[in-house]
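# A look at the structure
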Amino acid sequence: MKIMRVSTTLVSTNRIHAMGHRPLLVVQETPNGPRSVAVDAVGCIPGDWVICVGSSAARDAAGARDYPSDLTIVGIIDHWNPEVA
Amino acid sequence: MKIMRVSTTLVSTNRIHAMGHRPLLVVQETPNGPRSVAVDAVGCIPGDWVICVGSSAARDAAGARDYPSDLTIVGIIDHWNPEVA
Amino acid sequence: MKIMRVSTTLVSTNRIHAMGHRPLLVVQETPNGPRSVAVDAVGCIPGDWVICVGSSAARDAAGARDYPSDLTIVGIIDHWNPEVA
Amino acid sequence: MKIMRVSTTLVSTNRIHAMGHRPLLVVQETPNGPRSVAVDAVGCIPGDWVICVGSSAARDAAGARDYPSDLTIVGIIDHWNPEVA
Amino acid sequence: MKIMRVSTTLVSTNRIHAMGHRPLLVVQETPNGPRSVAVDAVGCIPGDWVICVGSSAARDAAGARDYPSDLTIVGIIDHWNPEVA
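This text gives an overview of the structure that appears in the document. Being a predicted model, the structure only gives us computed values, none of them experimental. (Residues numbered from 1 in each chain as written. Chains lettered and ligands numbered in written order. Predicted model: local features only at pLDDT ≥ 70, side-chain atom pairs only at ≥ 80, totals over all residues. Heavy atoms only, no water.)

### Quick look at the overall build of chain A
- In terms of regular secondary structure, chain A is built from one helix and six strands.
- Going from N to C terminus, chain A has its helices and strands arranged as β-β-β-β-β-α-β.
- For 85 residues, the compact-globule estimate of 2.2 N^0.38 gives 12 Å, and the C-alpha radius of gyration of chain A, at 13 Å, lies within 12% of that figure.
- With respect to the principal axes defined by its C-alpha atoms, chain A has extents near 40 × 25 × 20 Å. (Helix = DSSP H or I, 4+ residues; strand = E, 2+ residues; numbered from the N terminus. Rg over C-alpha atoms; globule rule 2.2 N^0.38 Å.)

### Details of the relation of the copies chain D and chain A
- With an axial shift of 0.0 Å and an RMSD of 0.0 Å, the rotation relating chain D to chain A amounts to 72°. This pairing of chains is accounted for by a five-fold axis.
- A different interface surface on each copy is seen, since only 7% of the contact residues of chain D are contact residues in chain A too. (Least-squares fit on C-alpha atoms with pLDDT ≥ 70 in both. Contact = heavy atoms within 4.5 Å.)

### Looking at the interface of chain D and chain E
- Between chain D and chain E, the residue contacts involve 25 residues of the former and 26 residues of the latter.
- Our count for the contact surface shared by chain D and chain E stands at one salt bridge.
- Notably, a salt bridge pairs E:R59 with D:D60, separated by 2.6 Å at the nearest N-O pair.
- Our count for the contact surface shared by chain D and chain E stands at eleven residue pairs in polar contact (both at pLDDT 80 or more).
- Only β5 (49–54), α1 (57–61) and β6 (71–76) of chain D provide two or more residues apiece to the side of chain D that touches chain E.
- Considering only residue class, the side of chain D that touches chain E consists of 17 nonpolar, five polar and three charged.
- Pairing of β6(D) with strand β2 (residues 14–15) of chain E, which is carried by two bridges, proceeds in the antiparallel orientation. Bridge assignment links D:G75 to a residue of β2(E), and that residue is E:R15. (Salt bridge = Lys/Arg side-chain N within 4 Å of Asp/Glu carboxyl O. Polar contact = N/O pair within 3.5 Å; in protein donor to acceptor, adjacent residues only side chain to side chain. Nonpolar A, V, L, I, M, F, W, Y, C, P; charged D, E, K, R; others polar. Pairing = 2+ DSSP bridges.)

### A look at the interface of chain D and chain A
- Counting residues at the interface gives 27 residues for chain D, matched by 25 residues for chain A.
- A buried area of about 2000 Å², summed over both sides, lies between chain D and chain A, and 55% of it is on carbon and sulfur atoms.
- Summed over the three residues of chain D that lose the most area to chain A, namely D:I16, D:R35 and D:D70, the buried surface amounts to 31% of that side.
- At the junction of chain D with chain A, the criterion picks out one salt bridge.
- There are eleven residue pairs in polar contact (both at pLDDT 80 or more) connecting chain D and chain A.
- Elements that contribute at least two residues to the side of chain D that touches chain A include exactly β2 (14–15), β3 (24–28) and β4 (35–40) of chain D.
- Per-element tally for the side of chain D that touches chain A: the top contributor is β4(D), with five residues. (Buried area = accessible area lost by both parts, 1.4 Å probe.)

### Overview of the relation of the copies chain D and chain E
- Each copy of the sequence occupies a distinct position, and chain D is placed on chain E by a rotation of 72° and an axial shift of 0.0 Å, giving an RMSD of 0.0 Å.
- Looking at chain D, a mere 8% of its interface residues are interface residues in chain E too, so the copies touch through different faces.

### Concerning the pairing of strand β3 (residues 24–28) of chain B
Residue and element names in this part refer to chain B.
- Here β3 lies mainly inside the structure; five of its five residues are buried.
- Neither face of β3 is left uncovered, since the one carrying L24, V26 and Q28 and the one carrying L25 and V27 both have all their residues buried.
- As paired strands, β3 and strand β4 (residues 35–40) are joined by five bridges and run antiparallel to one another. When the sheet's bridge partners are listed, V27 is paired in β4 with S36.
- Remark: six residues form the turn of the hairpin made by β3 and β4, two consecutive strands paired antiparallel. (Buried < 20%, exposed > 50% of the residue type's maximum accessible area, 1.4 Å probe, protein only.)

### Brief notes about the pattern of salt bridges
- Summed over all chains, the structure comprises 13 salt bridges over all chains.
- For E:K2, the salt bridge is made with E:E29, and the minimal N-O distance between the two is 4.0 Å. Placement of E:K2 in strand β1 (residues 2–9) and of E:E29 in the loop between β3 (24–28) and β4 (35–40) is noted, with a sequence separation of 27 residues between them.
- Here the residues in one salt-bridge network are A:R59, B:D60 and B:R65, joined through shared partners.

### Regarding the environment of E:Q28
All names here are of chain E.
- Within the secondary structure, Q28 sits in strand β3.
- Once the C-alpha coordinates of Q28 and T9 are considered, the two residues, 19 residues apart in sequence, prove to be 12 Å apart.
- At a separation of 3.0 Å, a polar atom in the side chain of Q28 contacts the main-chain carbonyl oxygen of G33.

### Regarding the arrangement of the chains
- Without any contact between them, chain C and chain D keep their closest C-alpha atoms 9 Å apart.
- At the C-alpha level, the nearest point of chain B lies 9 Å from chain E, with no contact between them.

### A short note on the environment of D:V6
All names here are of chain D.
- Looking at where V6 falls in the secondary structure, it is placed in strand β1 (residues 2–9).
- Separated by 50 residues in sequence, V6 and S56 have C-alpha atoms that sit 21 Å apart.
- Apart from residues lying up to four places away in sequence, V6 is in contact with L25, V26, V27, C44, I45, P46, G47, D48, V50 and I73.

Put into structure tokens, the structure is as follows:
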């Protein structure tokens, strides 16, 4: 799983039916790194450091085996120091 | 999921039967980045910023569990500012 | 899916039974980029620009759900200009 | 599979139910490389060099077909010299 | 599939039960590139250039649908010139 930070919410009105109304969040591994989109399965807010699961596990984690996600937020990290590598 | 921009349509007359006649689009994460091919499941046009799902989720998202896609467009982003990172 | 160019055929006499006798081709995204191996499901020749599907979709695309492929050529691109990015 | 080193444990109190109480560990391929999160299926400690499996195999390896993991530690390497490349 | 060279065998006494006693080999795409671990399904030796399959295909290729592998050696390349790119 990847350690990412929630940036903002993403609005996509025109989406396939299978996505339903689950919230989509923009997440980043580093402040200036590429932005990805994750499905929120825990209820988090911008600024949170979260655990994102990919691969086929992202689907079940999003709530259903056939949910079309390849990146799902499965946990909020209690304390995280991005400076330490 | 990745945030990508639709560039052009892609014509491939000689394709395997399982792909059917679904439209294929060339998409890019950045203007000069590598070009990928995605199956369009929402109906978008060149210039649109879209959400692309990969992994096994791309298959169901394309309409059928056995559809041969590893990248499918599942939503159009309402507003996107590529400059903000 | 990735846009790749067929370079050469690859000979592997000692392979697992499940691979059968399907042709294996060396493909590249860019002329000097890393070389990958793809299963040919359409019948293409060196020099062709092709669409390669990965992930679990590569298996069904190769002809059977249990075929051991993670990269399968599913279409030949009619016209492709690698210079335009 | 990847060869990674266990760095620390990761605390995530707010996580999806499906993750249960399995220990989560921060792992790295190189000392200053990006940090990932892996589910521990063998019982290892910080400093151990371990084998991490990804893709859908990470799920069964974590103990159940529907476990939401995309990176699971499946073995501890007896002796490893990270200097030799 | 990736073209990789077998470097050495890897000893991991403490591994999950599902891995059994299948031989694990360290493989590399380039002489100084990162080292990965692959399950050997063909019987190869250090120095061999081999075809490695990833994704979910690595599992069936390793001999069983639930085998925890994400990289399995499925063939030995008859002749390979790593200098030609």
